[in-house]
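Secondary and tertiary structure notes
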Amino acid sequence: MPEDQNIEWKEGWRDEYLKWICGFANAKGGIIYIGKNDNGEVVGVKNAKKLMEDIPNKIQTHLGIICDVNLQNSKGNEFIEIVVQPYVVPISYQGKYHYRSGSTKQELKGNSLNEFLLKKAGKTWDDIVEPRASFSDIDILAIEAFKNGASKSKRLPFIKNEDDIIQILDNLLMLDNGVLKRSALLMFGANPCKFFINAFIKIGRFGSSDDDLKFQEVIEGNAYQLADKTLKIIDQKFLVSPITYQGLHRVEGWEYPYQAIREIILNAIIHRDYMGAPIQISVYDDKMIVWNEGSLPDSLTIADLKVKHSSRPHNPLLASAFFKGGLIEAWGRGTIKIINECKKAGLPEPLFKYTSGGISVTLFKNIDITTSVNVNLNDRQINALEYIKEKGKISNKEYQHINSVSRETATLDLRELVRLEIIISSGIKGAGAYYTLK
């Protein structure tokens, strides 16, 4: 049985392993084996019978929980199995909260601790009341815009006849005994930053590097209006609109698919951690990156974003209002829509990844490499560049295959592209070597 996120092997007992038990109890449970080495091999443990008395008592005394502690035997070597069940209430050890994440244990602090405690209490951040707020902090125009969207989308067809703001917010579960919740202020607040200082979006236009910031813009407003305000600023100041003609009519397009950008921004607003940094949009010559602080649910991976997946938004009340207001079309399909919109526009697949404590989405511009370099390339090299644009990289063997040439010819062509600084080598020797665009 391999060691994974639910299994831990220890050769001997130390009281500090109570932290691991605490971490398992706060996560999905797990098993700790005392008397196994790092390879999972039974090496035995001394004083097993005494530990069988001490460990359960220490668990109950320091953690306040009960675990199954079993004495096992393998080929004459005794070892101990500690089975930890997940607990619905938060468990602490010496006043600190530990959590098992992946194959590591971490002590929860700051925002992570707040989120953990809320989750254990059956709450989410946007479900908490904001006692400093009053109904004068609600923007009536945002409520009216929501009513129009909800009526037009037919998700709340009769809301257009409802004039009682309190009733509307109560139906959206954004009130608690008449007190506004955080979700109400984010969604419809006249000035959400008054209560949540980082509830804005920051856009920067960069040159050739991250240090080369040309100019930037800050967009504030409630969540219902923020996406459209941001798109307008991006269009006016940060992107170059390609111009085409339909007959005699001039048509201005977008460098990136409008619907993809809109979906990315909406996702960022819904899923972000509002106790962290603001949403950040970085625009470069060849790509655009949207980053928001937060993480995926425990059982969801980056790879899952590329297929249909369950929707578990970080701020469910906010997400529900976005859906009812007609801003998002379906649950769990936003990332698929982003990918499909890029494919329809003939652009490379967007890149989703964890970075700097959050999740980023990168859109790539389909720059024609073959015409942007001031050199003459042969047809084989042009084929290779198109292949890299689509696949992300190319190996010598793949170059041979797509061009039906020998290894020697492929090597010479690739070396020339490297010399021209159009592509770069991975630096790997042998069969694993590959090349990417510079």
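Scroll up for the structure.
Below or above, wherever it landed, is the structure these notes cover. Note that the structure is predicted; figures quoted are calculated from it, not measured.

1. Structural notes on helix α9 (residues 316–324)
Here α9 has its buried residues at L317, L318, A319, A321 and F322. The elements touched by buried residues of α9 are α4 (140–152), α6 (182–188), α7 (223–238) and α8 (258–271). At the C-terminal side of α9, G326 shows a positive phi close to 80°.

2. A closer look at the pattern of salt bridges
Inspection of the entire model under this criterion finds 22 salt bridges. Linking K123 and D127 is a salt bridge whose minimum nitrogen-to-oxygen distance equals 3.3 Å. The class for K123 is partly exposed, based on a relative accessible area of 30%. Note on D127: relative accessible area 15%, which makes it buried. The salt bridge partner of R205 is D285, with a shortest N-O separation of 2.9 Å.

3. A word on unusual backbone geometry
Phi is positive for N47, close to 55°, though the residue is something other than glycine. For N47, the location among the structural elements is in the loop between β2 (30–34) and α2 (48–63). Of note in the backbone geometry, Q94 takes a positive phi value of approximately 55° without being a glycine. For Q94, a relative accessible area of 61% corresponds to the exposed category.

4. Looking at the pairing of strand β11 (residues 213–219)
Judged from the 6 bridges that link them, strand β10 (residues 201–206) and β11 form a sheet pairing that is antiparallel. Its bridge partner being in β11, G204 is matched across the sheet by Q216. Between the antiparallel neighbours β10 and β11 lie 6 residues.

5. Points about the side chain of E341
Secondary-structure assignment places E341 in helix α10 (residues 334–344). By relative accessible area, E341 is classed as buried at 16%. Not counting residues within four places of it along the chain, the set of residues in contact with E341 comprises P257, Q259 and A260.

6. Regarding the environment of W291
Position of W291 among the secondary structure elements: in strand β15 (residues 287–293). A polar atom in the side chain of W291 sits 2.8 Å from the backbone oxygen of T355.

7. What to know about the sheet that holds strand β7 (residues 104–107)
Reading across from one edge, β5-β6-β7 is the order of the 3 strands in this open sheet, with antiparallel pairing throughout. Both outer strands of the open sheet, β5 (92–93) and β7, are each paired with one neighbouring strand and no more. Summarising the sheet, strand β6 (residues 96–101) and β7 pair through 4 bridges and their orientation is antiparallel. Looking at β7, one finds that Y99 is bridged to Q106.

8. A look at the sheet that holds β15
In spatial order, the strands read β11-β10-β14-β15-β17-β16; together these 6 strands make up an open sheet with mixed pairing. Because the sheet does not close on itself, it has two edges, and the strands there are β11 and β16 (351–355). Within this sheet the neighbouring strands show an average axis-to-axis angle of 20°, counted without direction. Relative to strand β17 (residues 358–364), β16 runs antiparallel, the two being bridged by 5 bridges. By the bridge assignment for β17, K353 is matched with S360. Sitting on the sheet, α7 touches β10, β11 and β14 (279–283), and the angle it makes with β11 is about 155°.

9. Regarding the nonpolar core
Looking at soluble globular proteins, one finds that nonpolar side chains tend to be buried together. Core analysis: the largest hydrophobic core is formed by 70 residues, its most contacted members being M187, F188, I269 and F322. Within the second largest apolar cluster, 24 residues are counted, among which are A25, I55, V69 and Y93.

10. Comments concerning empty space enclosed by the protein
Under the definition given, this model contains 1 cavity of 30 Å³ or more. When its volume is computed, the largest cavity comes out at roughly 70 Å³. Lining the largest cavity are 13 residues, with L186, A199, G221, L226 and Y274 sitting closest to its centre. For the lining of the largest cavity, the class distribution of residues is 10 nonpolar, 2 polar and 1 charged.

11. So, α10
Taken together, the buried positions of α10 are G334, T335, I336, I338, I339, E341 and C342. Contacts made by the buried residues of α10 are with α8, β16 and β17. G346 occupies a position one or two residues after α10 and carries a positive phi of about 75°.

12. Description of the packing of aromatic side chains
Tallied over the entire structure, the rule returns 12 aromatic pairs. Taking the centre distance of 5.6 Å and the plane angle of 15° together, the rings of W125 and Y274 count as stacked. Taken together, the residues span a long stretch of sequence, with W125 in the loop between α3 (110–120) and α4 and Y274 in the loop between α8 and β14 at a distance of 149 residues. Neither W125 nor Y274 differs from the other in exposure class; each is buried. Ring centres 5.4 Å apart and planes at 75° place the aromatic pair F146 and F188 in the edge-to-face group.

13. Looking at the side chain of K181
Within the secondary structure, K181 is located in the loop between β9 (179–180) and α6. In this structure K181 touches D126, D127, I128, V129, E130, L173, M174, L175, D176 and L317, once residues within four positions along its chain are discounted.

Cut-offs applied
- Residues numbered from 1 in each chain as written.
- Predicted model: local features only at pLDDT ≥ 70, side-chain atom pairs only at ≥ 80, totals over all residues.
- Heavy atoms only, no water.
- Buried < 20%, exposed > 50% of the residue type's maximum accessible area, 1.4 Å probe, protein only.
- Helix = DSSP H or I, 4+ residues; strand = E, 2+ residues; numbered from the N terminus.
- Contact = heavy atoms within 4.5 Å.
- Salt bridge = Lys/Arg side-chain N within 4 Å of Asp/Glu carboxyl O.
- Pairing = 2+ DSSP bridges.
- Polar contact = N/O pair within 3.5 Å; in protein donor to acceptor, adjacent residues only side chain to side chain.
- Axes fitted to C-alpha atoms, helices over the stretch in contact; angles between N-to-C directions.
- Core = buried A, V, L, I, M, F, W, Y, C linked by side-chain atoms within 4.5 Å.
- 1 Å grid on protein atoms, 1.4 Å probe; cavity = no way out; pocket = protein on both sides within 12 Å on 5 of 7 lines; lining within 4 Å.
- Points joined across faces, edges and corners; volume = space filled by probe spheres on them.
- Nonpolar A, V, L, I, M, F, W, Y, C, P; charged D, E, K, R; others polar.
- Phe/Tyr/Trp six-rings, centres within 6.5 Å; stacked < 30°, edge-to-face > 60°.

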